Amino acid sequence: MIGSNIPKLDLHGENSDTARILINEFISDNLKIGNYKILIVHGIGTGTIKKVTQEVLKRDNRVENFYIDFFNIGCTIVELKK
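Conventions adopted
- Residues numbered from 1 in each chain as written.
- Predicted model: local features only at pLDDT ≥ 70, side-chain atom pairs only at ≥ 80, totals over all residues.
- Heavy atoms only, no water.
- Helix = DSSP H or I, 4+ residues; strand = E, 2+ residues; numbered from the N terminus.
- Expected span 1.5 Å × (residues − 1).
- Buried < 20%, exposed > 50% of the residue type's maximum accessible area, 1.4 Å probe, protein only.
- Arc of directions from axis to C-beta.
- Pairing = 2+ DSSP bridges.

With that settled, the discussion passes to helix H2 (residues 48-59). Between the first and last C-alpha of H2 there are 17 Å, a value that for twelve residues agrees with the 16 Å anticipated at 1.5 Å per step. For H2, every residue scored as buried is listed here: Ile49, Val52, Thr53, Val56 and Leu57. Buried residues of H2, viewed axially, fall in a sector of 130°; they line one side. Opposite its buried face, H2 presents the exposed residues Lys51, Lys58 and Arg59, each directed more than 90 degrees away.

It is worth spelling out the pairing of strand E4 (residues 72-80) at this point. Direction of pairing for strand E2 (residues 37-41) relative to E4: antiparallel, over a ladder of five bridges. Across the sheet, Lys37 pairs through a bridge with Glu79, a residue of E4. The pairing of strand E3 (residues 63-69) with E4 spans six bridges and is antiparallel. When the bridges of E4 are listed, Val63 appears paired with Leu80.

Here it is in structure tokens:
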């Protein structure tokens, strides 16, 4: 399970367009300060925000790897390129 010190972005209540913007900004901000592992909380719900999250991460060349948190399927762990 990921520790509490990992930066988190909570997308609950956001629409797809806003989620895309927030994810991109979150990645940029964390790279600037040297955080290479981040957590995106998309929830379970209908799966729309999870799908958007995965689409954004798949296309972003700053992302090394991403996967669903084994202990919380409503979260995606993202490893950024150094």
